[in-house]
Amino acid sequence: MAAATNTQMRLVVCPAAELPPGSRRIIEHEGRSIGVFNLGGQLFALKNVCPHKYAPLCEGPLTGLATGDRPGTPALERVGEIVRCPWHGWEFDIRTGRSVFNPHRVRTKSYPAGFECIEPGGGAAGSVETFAVALEDRHVVIYI
Ligand code: FES
């Protein structure tokens, strides 16, 4: 979560009771759209604009990080902490705003035997701006 500074504007999002763990709220303020997420009691805010083609990123489904130590044994970690862009599937870590998956950088490779293998690509697809979030007087507040 980004820290607030003295030059930022304080913006009340909602009463804390209206943003329970696992939920999100999208607010509009002076032409900006910002998604505020409650991840297990911790609050995070992201600019609601995907850096790829400017989709409303924060409206996308929540997922986790796909892991696995060998083929055929997939696992999902940090479930609910990754937001997937609703347009083309880029994924971002809600805690940091950093890209964790860019499907355009994953290639399918053909082999002579006829089977295909998905090759992992880099996750780097830029980052999404984050904002400081606080709980003040039982209200969720962001600093922009
Ligand atoms: S606009 Fe978000 S992945 Fe394309």
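Just above sits the structure.
Definitions and cut-offs
- By convention here, each chain's residues receive numbers from 1 onward along its written sequence.
- Note on the predicted model: pLDDT of at least 70 is required for a residue's local features to be given, and 80 or more for side-chain atom pairs to be given and counted; whole-chain, interface and lining totals, by contrast, use all residues.
- In this description a helix means any DSSP run of H or I spanning at least four residues, a strand means any run of E spanning at least two, and both kinds are numbered starting from the N terminus.
- Buried means a residue has 20 or more other C-beta atoms within 10 Å of its own C-beta, exposed means 12 or fewer, and partly exposed covers the counts in between; C-beta atoms are placed from the backbone.
- With C-beta atoms placed from the backbone, a contact is any residue pair whose C-beta atoms sit within 7 Å.
- By convention in this section, buried Ala, Val, Leu, Ile, Met, Phe, Trp, Tyr and Cys residues joined through C-beta atoms within 7 Å make up a nonpolar core.
- A pair of strands counts as paired when DSSP detects no fewer than two bridges linking them.
- Axis definition: a line fitted to C-alpha atoms, over the contacting stretch in the case of helices. Angles run 0 to 180 degrees between N-to-C directions.

Caption draft 1: Just the overall build of the protein chain, in detail. When its secondary structure is counted, the protein chain shows zero helices and 12 strands. Written out in order from the N terminus, the α and β elements of the protein chain read β-β-β-β-β-β-β-β-β-β-β-β. Among the 144 residues that make up the protein chain, the fraction classed as buried is 25%. If you take every contact in the protein chain between residues at least 6 apart in sequence, the share linking residues at least 24 apart comes to 46%.

Caption draft 2: Representation of the nonpolar core within the structure. Counting 26 residues, the largest nonpolar core has Val36, Ala45, Leu57, Phe92, Val133 and Ile142 as the members making the most contacts within it. Broken down by element, this core gets its largest block of residues, four residues, from strand 4 (residues 42-47). Every residue in contact with Val36, bar those within four places of it in the chain, is listed here: Val13, Leu19, Arg24, Arg25, Ile27, Leu43, Ala45, Val133, Val140 and Ile142.

Caption draft 3: View of the sheet that holds strand 1 (residues 10-15). The strand order 1-12-11-4-3-2 describes an open sheet built from six strands, whose pairing is antiparallel. At either end of the open sheet lies a strand with only one pairing partner, and these are strand 1 and strand 2 (24-29). Taken pair by pair, the neighbouring strands of this sheet meet at an average axis angle of 30°, ignoring direction. Relative to strand 4, strand 3 (residues 32-39) is paired through six bridges, and the arrangement is antiparallel. What sits directly across from Phe37, in strand 4, is Phe44.

Caption draft 4: Inspection of the sheet that holds strand 8 (residues 99-101) at higher detail. Pairing within the open sheet is antiparallel, and its four strands lie in the order 5-6-7-8. Edge positions in the open sheet fall to strand 5 (62-67) and strand 8, since each of these has one partner strand only. The sheet shows a mean angle of 55° between the axes of neighbouring strands, taken without regard to direction. Sheet topology note: the strand 7 (residues 91-93)/strand 8 ladder contains two bridges and is antiparallel. Paired with Glu91 across the bridge in strand 8 is Phe101.

Caption draft 5: Quick look at the pairing of strand 2. Sheet analysis places strand 2 next to strand 3, joined by six bridges and oriented antiparallel. Bridge assignment links His29 to a residue of strand 3, and that residue is Arg32. Linking two consecutive strands that pair antiparallel, namely strand 2 and strand 3, is a turn of two residues; a positive phi of about 45° is found at Glu30 within it.

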